[in-house]
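Structural overview for review
Below are the chains, spelled out letter by letter.
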Amino acid sequence: MESPAKEEGGGELAMEIESSVTVEDWRRALARVVPSVVVLRTTAPRAFDTEAAGASYATGFVVDKSRGIILTNRHVVKPGPVVAEAMFVNREEIPVYPLYRDPVHDFAASVGLEIRVVGNDSGEKVSILAGTLARLDREAPYYKKDGYNDFNTFYMQAASGTKGGSSGSPVVDCQGRAVALNAGSKSSSASAFFLPLERVVRALNLIRDGWEAFGSKPESVYIPRGTLQVTFQHKGFEETRRLGLRNETEQMVRLVSPLGETGMLVVDSVVPEGPAHKHLEPGDVLVRMNDEVVTQFLTMETLLDDSVGMGIDLQIERGGTPLAVKLEVEDLHSITPNHFLEVSGAVIHPLSYQQARNFRFKCGLVYVAEAGYMLSRASLPRHAIIKKFAGKDIANLGDLIAVISKLSRGERVPVEYVKYTERYRNKPVLVTIDVHEWYAPPQLYTRNDATGLWTAKSALPLESPFIASAHHAGHIEANSNSVASLAESSPIDLKCQHESENLADGCIKMQTDDEIVVDGSHSSEDSLAGKKRRRVDEEISVEGTISSCGDLDQIKGDFLRHPPSVDVDGSDLNRTISSNASLAEQVIEPALVMFEVHVPPVCMLDGVHSPHFFGTGVVIHHSDCLGLVAVDRNTVAVSISDIMLSFAAYPIEIPGEVVFLHPVHNFALVAYDPSALGAGTSVVRAAKLLPEPALRRGDSVYLVGLSRSLQATSRKSIVTNPCTAVNIGSADCPRYRAINMEVIELDTDFGSTFSGILSDEQGRVQALWASFSTQIKYGCSSSEDHQFVRGIPIYAISQVLEKIISGTPGPFRLINGVRRPMPFIRLLEVELFPTLLSKARNYGLSDSWVQVLAKKDPVRRTVLRVRGCLAGSKAENLLEQGDMILAINKEPITCFLDIENACQKLDQSIDSDGVLNMTIFRQVRIACKKPTITFHRLSYGLYLLVVQLFQHFNREKK
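Residues numbered from 1 in each chain as written. Predicted model: local features only at pLDDT ≥ 70, side-chain atom pairs only at ≥ 80, totals over all residues. Heavy atoms only, no water.

Time to look at the overall build of the chain. For the chain, the count of helices and strands is 20 helices and 52 strands. Within the chain, the proportion of its 958 residues that are buried is 52%. Carbon and sulfur atoms make up 51% of the accessible area of the chain, which totals about 42400 Å². (Helix = DSSP H or I, 4+ residues; strand = E, 2+ residues; numbered from the N terminus. Buried < 20%, exposed > 50% of the residue type's maximum accessible area, 1.4 Å probe, protein only. Areas by Shrake-Rupley, 256 points an atom, 1.4 Å probe, with all protein chains shown as cover.)

Moving on to the packing of aromatic side chains. Tallied over the entire structure, the rule returns 14 aromatic pairs. Their ring planes at 25° and their centres at 6.5 Å tell us that tyrosine 143 and tyrosine 148 sit as a pair that is stacked. When the ring of phenylalanine 750 is compared with that of phenylalanine 754, the centres are 4.6 Å apart and the planes differ by 55°; the resulting orientation is tilted. Judged by its relative accessible area of 10%, phenylalanine 754 falls in the buried class. An aromatic cluster of at least three residues, connected via ring pairs, comprises Phe48, Phe340, Tyr445 and Trp454. One Lys or Arg, arginine 138, reaches over the ring of phenylalanine 193 and ends 4.1 Å from the middle of that ring. In this structure, arginine 819 is placed above the aromatic ring of phenylalanine 812, and the distance from its NZ or CZ to the ring centre is 4.6 Å. (Phe/Tyr/Trp six-rings, centres within 6.5 Å; stacked < 30°, edge-to-face > 60°. Lys NZ or Arg CZ within 6 Å of the ring centre and 35° of its normal.)

Turning our eyes to something else, we now look at the pairing of strand β41 (residues 756–759). For strand β38 (residues 700–706) and β41, the ladder comprises four bridges, and the chain directions are antiparallel. Residue pairing in the sheet places tyrosine 702 in a bridge with serine 759 of β41. Sheet topology places β41 next to strand β42 (residues 765–778); four bridges connect them, and they run antiparallel. Note that in β42 the partner of isoleucine 757 across the bridge is leucine 768. Here β41 folds back onto β42, and the loop between the two strands holds five residues, one of which, glycine 763, carries a positive phi near 85°. (Pairing = 2+ DSSP bridges.)

Moving on to the nonpolar core. By size, the foremost hydrophobic cluster in this structure holds 77 residues, and its most contacted members are Phe595, Val636 and Phe772. Broken down by element, the residue count for this core peaks at six residues, all from helix α17 (residues 794–806). Not counting chain neighbours up to four residues away, the residues in contact with valine 636 comprise Phe595, Val597, Val631, Ile643, Val658, Leu661, Ala668 and Val670. Leu341, Ile386, Ile404 and Leu407 belong to the second largest nonpolar core, which has 32 residues in total. (Core = buried A, V, L, I, M, F, W, Y, C linked by side-chain atoms within 4.5 Å. Contact = heavy atoms within 4.5 Å.)

Next up on the list: empty space enclosed by the protein. In this structure, the largest cavity encloses a volume near 260 Å³. Among the elements that take part in the lining of the largest cavity, helix α20 (residues 896–908) stands out by supplying five residues, more than any other. Considered as a void within the structure, the second largest cavity measures approximately 110 Å³ in volume. Among the residues making up the lining of the second largest cavity, the classes are represented as nine nonpolar, four polar and three charged. (1 Å grid on protein atoms, 1.4 Å probe; cavity = no way out; pocket = protein on both sides within 12 Å on 5 of 7 lines; lining within 4 Å. Points joined across faces, edges and corners; volume = space filled by probe spheres on them. Nonpolar A, V, L, I, M, F, W, Y, C, P; charged D, E, K, R; others polar.)

For the rest of this paragraph, the subject is the pattern of salt bridges. By the definition in use, this model includes 47 salt bridges. As a salt-bridge pair, arginine 41 and glutamate 85 come within 2.8 Å of each other at their nearest N and O atoms. Taken together, the residues arginine 41 in strand β1 (residues 37–44) and glutamate 85 in strand β4 (residues 83–87) connect sequence positions 44 residues apart. On the accessibility criterion, arginine 41 (23% relative accessible area) is partly exposed. Two residues, arginine 202 and aspartate 305, come together in a salt bridge whose shortest N-O distance is 3.6 Å. Here the residue arginine 202 occupies a position in helix α4 (residues 198–214), and aspartate 305 occupies one in helix α7 (residues 297–305), the gap between them amounting to 103 residues. As far as the burial class goes, arginine 202 and aspartate 305 line up, both buried. One salt-bridge network, held together by shared partners, links Asp102, Arg199, Arg202, Arg225, Glu301 and Asp305. (Salt bridge = Lys/Arg side-chain N within 4 Å of Asp/Glu carboxyl O.)

As a further point, take the sheet that holds β1. An order of β3-β2-β1-β4-β5 is seen for the five strands of this open sheet, with the pairing classed as antiparallel. Looking at which strands have only one partner, the edges of the open sheet turn out to be β3 (69–71) and β5 (93–96). Within the sheet, the average angular offset between the axes of one strand and its neighbour, ignoring direction, is 40°. Bridge analysis of strand β2 (residues 54–64) against β3 gives three bridges, and the strand direction is antiparallel. For aspartate 64, the partnering residue across the bridge sits in β3 and is isoleucine 69. Strands β2 and β3 of the sheet are contacted by α4, whose axis makes an angle of about 170° with β3. (Axes fitted to C-alpha atoms, helices over the stretch in contact; angles between N-to-C directions.)

By themselves, these figures tell us nothing about what the structure is for.
Okay, here's the thing in structure tokens:
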């Protein structure tokens, strides 16, 4: 495609040509242009500089067919790693890679020139939009304050109405010549902005010259680009006079400038510590460069590009005072980063000229392009500038790598950063170096301009503690990882894991990112690691190591009369209890724990709807070598997460580890190492659990929990319904939801975000006040995450705890360096829901069964029905939706607890053959009577179901 020729006759010649243009002329011109236009599909796998990771569509066009060179916008190709494909009009697709990116510009004509924009507008592959050039001297469009913006150039403007996907489209005249490059548009109008091609043509010619000199494609292409790190704006003479420009200077400039010159270049901003820092100031009017009067961006850039590494003389006027300044022209490529550090998902690189100009910081500072997991966990945001890391000053990326190389996994270190929105305020945070190896060790990526690829190498030496600690801890976590999701797998899977282990032990926008977007101090843990490693191979004796502390019933009297005083480093840390707190609150407070849970983005499985959770749990076991905390599954959703525990009884924060997730009930058990508490070990207490008697309607309970500031809060409430069945519908994305359980409702609580426990007046825990997650759907297509709180009877939790303490056989899990068995949970592979007996009667349930069930449970007066079976389960072949479960082993069934008790009896019976005799009612519409059917099928590989089908017959009249 031809590049634009320079017009000598101004606008008149162009208008004459335009007036004689016919429809046929445009047809012939477009027939030549369209085959050269391509649709570009780009994917940025990493955030870099001004751009975020993501995928988009845009446009480009062939400017050199023999060499295969395509021209498009800089923001389309993006400054960082990118994978791109070009699709031609004939649907042929080829991979492409960046050959050259201008560090600044977003890679002639006259006002009134009719043009066509040919490209992938709104994702329609080829669209042709008409327009007329209205301006040739528009300011470069301003897109956003923390992203890419062009500057020091004019743009053209036309009302062509281009939209997303058309970035990089050629703007052609009636002769098929490209006169500009489409770059952006204004969302509130039809205005579109085009980049002139003068500097594009220069870069293309230099690439061609280099190609010819080598006889083939050169290994690298160098396009000289100079800068003073100064942004200029073109101001009219009226404005320059207000800035103090002398009359004689204005007259001289008008005299030597081309006819029609309307203004001069004025300094708008200067990047700190750049070549012009402390030499130029905003408001300075540029008069000459190297004795040449400069009033246009193109002239200025030509002089700068030809003077890279050399000095240049500037004559300016500041408030009417002439000044002469000599500055060093800097290589623009040297302040455009071509490498980055990736650590724990974070992308960190030197601050580019683009962002230094946006943020008013000096180039080369350590800039966070993407916070990733480790930094975002500490609330360190994107676009932050890291000033200190682990107490060391950080001036460049090398300093940061040197500091990280001396740290070990699991260390918590202070970090100071600054944001451009609060540039004079350093903010401190605590960063935890990844201990679980969710991500690969730090990698340093460098751009290879010869191949267009980014090559990676380890950023740290092999002897670095960061690397060595990961290798050393590998064998410790091997057993733990093998059974990392005990309750998330089916029992048959857990059995296989166990066997395997035994065998092996309104603004301006760019038109690509809104084009069609396809995707958008050392801690005590180090000393504990040695203890864990020393204990890793020890076999435990259940009676010897899982010893229960005295319950709160035994110590509460002394505790209230004499609040504990613990000596810490020679000083007393006295816990004071509010005098107006309830007895239940005072007793239970030492057992309360605040959870902060972070789920790495790479581990967002099972439909986890958030990467960050808060909630309150309660200590249910606390001994010398093991601590267990119960919490809801809306706080601890999956086992692969980082958990920090803060105790109400003692000001310390320690890590926790998920050891048990109930597959259908909304609770989890998290272990901690009591030795990590230090002096707080004697202050933290395990709560007294009171599984029986069960709560009834009208009972008084105390709702006790923690605020975010770790202050205990309580209130007295009344149980309004102790047996409400949980009914949570399926979410848009499949994820965990509580099923087959009854919960407790209160007359008053602290809102939907407050979790804790329910206790009697003596502080004995009767229920876990838990948070549940669900979705509220609006209409057919929209839904919103919602949470509510209800009480979970402590009975189920106490059963699991009893099995763990007693050492019930099961898969082993490495907890605090000791291998401990985790119990199996027997359950039906069925989702059930209760139906009132009055409704069941309408479905054909006989009066005799109605009376039996009502007599068994006169409060609920319900029968359980099958809502569905687990996909692929054996129950799927035995039960159907709507089946009513009447009895198990001839015992009437009226609630979920009845079924769980029947399953648990299989464990308690020594001579049990794992058989459940289940009596169900199924309504079947058939023509004649059939005999009773008995099924014998193995379910879960653990127990046998014998199902007797009582069929209700509706005889059809023939």
